[in-house]
Amino acid sequence: MELQIVAGTAAQAQEAEQAALTEIERLTLILNRFDPDSELSRWQATPTPHTP
């Protein structure tokens, strides 16, 4: 992944970068298929009921 931040000031750029990285980490905890504790992995491990 490549992340490019465009902002008016260095402080704004740093704040935007931190917000983006925080959101990426949050989504990784949810969507990481290699982490057995992620929401996606737990959902995939849930048996589905069979319907006739």
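Residues numbered from 1 in each chain as written. Predicted model: local features only at pLDDT ≥ 70, side-chain atom pairs only at ≥ 80, totals over all residues. Heavy atoms only, no water.

J.: Looking at this structure, I do not really get the overall build of the chain. What am I missing?
T.: Per the secondary structure count, the chain includes 2 helices and 0 strands. For 52 residues, the compact-globule formula gives about 10 Å, and the C-alpha radius of gyration of the chain, at 18 Å, lies well above that figure. Seen through its principal axes, the chain has C-alpha atoms that stretch 60 × 20 × 15 Å. In the chain, which comprises 52 residues, the proportion classed as buried is 6%. (Helix = DSSP H or I, 4+ residues; strand = E, 2+ residues; numbered from the N terminus. Rg over C-alpha atoms; globule rule 2.2 N^0.38 Å. Buried < 20%, exposed > 50% of the residue type's maximum accessible area, 1.4 Å probe, protein only.)

J.: What should I look at first to understand the pattern of salt bridges in this one?
T.: Side-chain pairs of opposite charge can arise where the charged atoms are in close proximity. Applying the stated criterion to the full structure yields 1 salt bridge. For Glu-23, the salt bridge goes to Arg-26, with nearest N and O atoms at 2.7 Å. Here Arg-26 and Glu-23 lie together in helix H1 (residues 10-31), a separation of 3 residues that amounts to about one turn. For Glu-23, a relative accessible area of 34% translates into the label partly exposed. Under the relative-accessibility criterion, Arg-26 is labelled partly exposed at 41%. (Salt bridge = Lys/Arg side-chain N within 4 Å of Asp/Glu carboxyl O.)

J.: Would you take a moment to explain the side chain of Ser-41 for this structure?
T.: With respect to the helices and strands, Ser-41 occurs in helix H2 (residues 39-45). At 2.8 Å, the side chain of Ser-41 and the backbone oxygen of Asp-35 are in polar contact. The contact partners of Ser-41, leaving out residues within four places of it in the chain, are Asn-32, Arg-33, Asp-35 and Pro-36. (Polar contact = N/O pair within 3.5 Å; in protein donor to acceptor, adjacent residues only side chain to side chain. Contact = heavy atoms within 4.5 Å.)

J.: It is not clear to me how the side chain of Ser-38 should be interpreted in this structure. Could you clarify?
T.: Here Ser-38 shows up in the loop between H1 and H2. At 2.6 Å, the side chain of Ser-38 forms a polar contact with the backbone oxygen of Asn-32. Every residue in contact with Ser-38, bar those within four places of it in the chain, is listed here: Leu-29, Ile-30 and Asn-32.

Any functional reading would require information beyond the geometric quantities listed.
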